[in-house]
Amino acid sequence: MLSLVTIVTLASLVGSSWSAAAGSPADVVAKLRDAPTAVDRVNVLAKDEQFVFNFFDPAAKATTGKGGKVILANAATFPAVVGNGAAMAIGILEPCGMNTPHTHPRATEIQYNVNGTIRTGMITENGARFVMTDLKPGEMTIFPQGSIHFQINEGCDPALFVAALNSEDPGALQVAQRFLGLPPDIVAATLGDIGVEEVLGVEAIIPDSVSLGTDECLKRCGLKRTSQPTDQRQPRVSGNAFPSGVTASKWPIASDYKN
Ligand SMILES: *[C@@H]1O[C@H](CO)[C@@H](O)[C@H](O)[C@H]1NC(C)=O
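From a predicted model like this one, the values you see are computed outputs, not experimental measurements. Throughout this document, residue positions are counted from 1 along each chain, in the order its sequence is written. Reporting in this predicted model follows two pLDDT cut-offs: at least 70 for local features of residues, and 80 or more for side-chain atom pairs to be given and counted; totals over whole chains, interfaces and linings ignore these cut-offs and use all residues. Heavy atoms from the whole structure form the basis of all side-chain values; hydrogens and water molecules are not counted.

Draft legend 1. Representation of the side chain of Ser167 in the model. To qualify as a helix, a DSSP run of H or I must reach at least 4 residues; to qualify as a strand, a run of E must reach at least 2; elements of each kind are numbered from the N terminus. Structurally, Ser167 can be placed in the loop between strand S10 (159-165) and strand S11 (173-174). Only protein chains enter the area calculation, which uses a 1.4 Å probe; residues under 20% of their type maximum are buried, those over 50% are exposed, and those in between are partly exposed. When its relative accessible area of 11% is taken as the criterion, Ser167 is described as buried. We call two residues in contact whenever any of their non-hydrogen atoms come within 4.5 Å of each other. Those residues in contact with Ser167 that lie beyond four places of it in its chain are Gly85, Ala86, Ala87, Arg106 and Ala107.

Structure representation (structure tokens):
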């Protein structure tokens, strides 16, 4: 006689969608992390399509901004990587679009340029020199784990890059959003005592992480800097709250942003 568990398991296997076939992604990840061996992990993923991730699926979750988007296949979005220490991202940068300076706390990245010219910059740690590259199609570079790096499309057509990361959960830390999200008086003092109003003024205009790039590029491509979404700023809790009554000291450029 079939046990209830067997019936439930069989019933869950007949469905065709990911969730019907395998439970929620979090359930699948939990099963994969619980599997004693790599063989067990392959068998947890019972359907071949669980080994396919489509970066061009319009429903794929992306990190966005006015300058393009980055789509990441990691343990959460592509559980087949669990236990394999790898993830992959695709960046689609609009003309002059920039993946703003960030670090990956748990992974080194190697970035391959598919098309367009992508300028990259990196600082690995205190004392190290700044490294810059202009990647043409077919070229790649490396960003060691923890390094601050950015990518900007220097061309007037969209550009595409592929980034491989040696962690199934590389993580990302956006330098401007996170730094400006520290306690305002700490930020003000770190910047040579610029004042908390000025900190608020800068923080208020930090664009989402794939932003418009440099004035030089925008001008060359005949593009205008328009207002950008600012939803990825650090949430304020009591410890990093602005003192009550502080109003942003406007940075001249902020008032120029008009849609
Ligand atoms: C790069 O490839 C993308 C996707 O096919 C395309 O939209 C874009 O125009 C291409 N860019 C260049 C510079 O060829």
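What follows continues from the structure just given.
Draft legend 2. Structural context of the sheet that holds strand S3 (residues 87-93). Ordered by their spatial adjacency, six strands build an open sheet running S1-S2-S3-S10-S5-S8, and the pairing between neighbours is antiparallel. For this open sheet the edge positions go to strand S1 (62-65) and strand S8 (140-143), each flanked by a neighbour on one side alone. Put simply, the sheet's adjacent strands are angled 20° from each other on average, direction ignored. We call two strands paired when DSSP finds no fewer than two bridges between them. The pairing of S1 with strand S2 (residues 68-73) spans four bridges and is antiparallel. If you follow Ala62 over to S2, its bridge partner there is Ile71. Interaxial angles span 0 to 180 degrees and are taken between N-to-C directions of axes, which are lines fitted to C-alpha atoms, for helices over the stretch in contact.

Draft legend 3. Just the environment of Met122, in detail. Tracing the sequence through the fold places Met122 in strand S6 (residues 118-123). It is 6.5 Å that separates the C-alpha atoms of Met122 and Met132, two residues lying ten residues apart in sequence. Discounting residues that sit within four places of it in the chain, Met122 has contacts with Arg129, Phe130, Val131, Ile142, Phe143, Pro144, Ser147, Ile148 and His149.

Draft legend 4. The pattern of salt bridges, seen in detail. Within this document, salt bridges are pairs made up of a side-chain nitrogen of Lys or Arg and a carboxyl oxygen of Asp or Glu, the two lying within 4 Å of each other. Applying the stated criterion to the full structure yields ten salt bridges. Residue Glu49 is joined to Lys47 by a salt bridge in which the shortest nitrogen-to-oxygen separation is 3.5 Å. Arg106 serves as the salt-bridge partner of Asp169, at 3.4 Å between the closest nitrogen and oxygen. Residue Asp169 is found in the loop between S10 and S11, and its partner Arg106 is found in the loop between strand S4 (97-103) and strand S5 (109-115); the two are separated by 63 residues along the sequence. Taking relative accessible area as the criterion, Arg106 reaches 41% and is therefore assigned partly exposed.

Draft legend 5. Structural detail: the state of the cysteines. For the purposes of this analysis, a disulfide is any pair of cysteine sulfur atoms at a distance within 2.5 Å. Throughout the structure, instances matching the rule amount to two disulfides. Across the disulfide, Cys96 is cross-linked to Cys217 (sulfur-sulfur distance 2.1 Å). Note on the Cys96 and Cys217 pair: the S-S dihedral is about -85°, so by sign convention the disulfide is left-handed. You can see Cys96 sitting in the loop between S3 and S4 and its partner Cys217 sitting in helix H8 (residues 215-220), a full 121 residues away along the chain. Owing to a relative accessible area of 0%, Cys96 belongs among the buried residues under this scheme.

Draft legend 6. Fine view of the site of the ligand. Any residue with at least one heavy atom within 4 Å of a molecule or strand is counted as near it. Surveying the vicinity of the ligand reveals the residues Asn115, Gly116, Asp157 and Pro158. For this analysis, a polar contact is any N or O atom pair within 3.5 Å, provided that within protein one partner can donate a hydrogen and the other can accept it, and provided that sequence-adjacent residues contribute only side-chain to side-chain pairs. Contacts to the ligand include Asn115, whose side-chain N or O atom sits 2.3 Å from an oxygen atom. One of the backbone nitrogen or oxygen atoms of Pro158 is found 2.7 Å away from a nitrogen atom of the ligand. Of the residues contributing to the shell around the ligand, the split by class is one nonpolar, two polar and one charged. Basically, the charged four are Asp, Glu, Lys and Arg, the nonpolar ten are Ala, Val, Leu, Ile, Met, Phe, Trp, Tyr, Cys and Pro, and anything else, Gly included, counts as polar.

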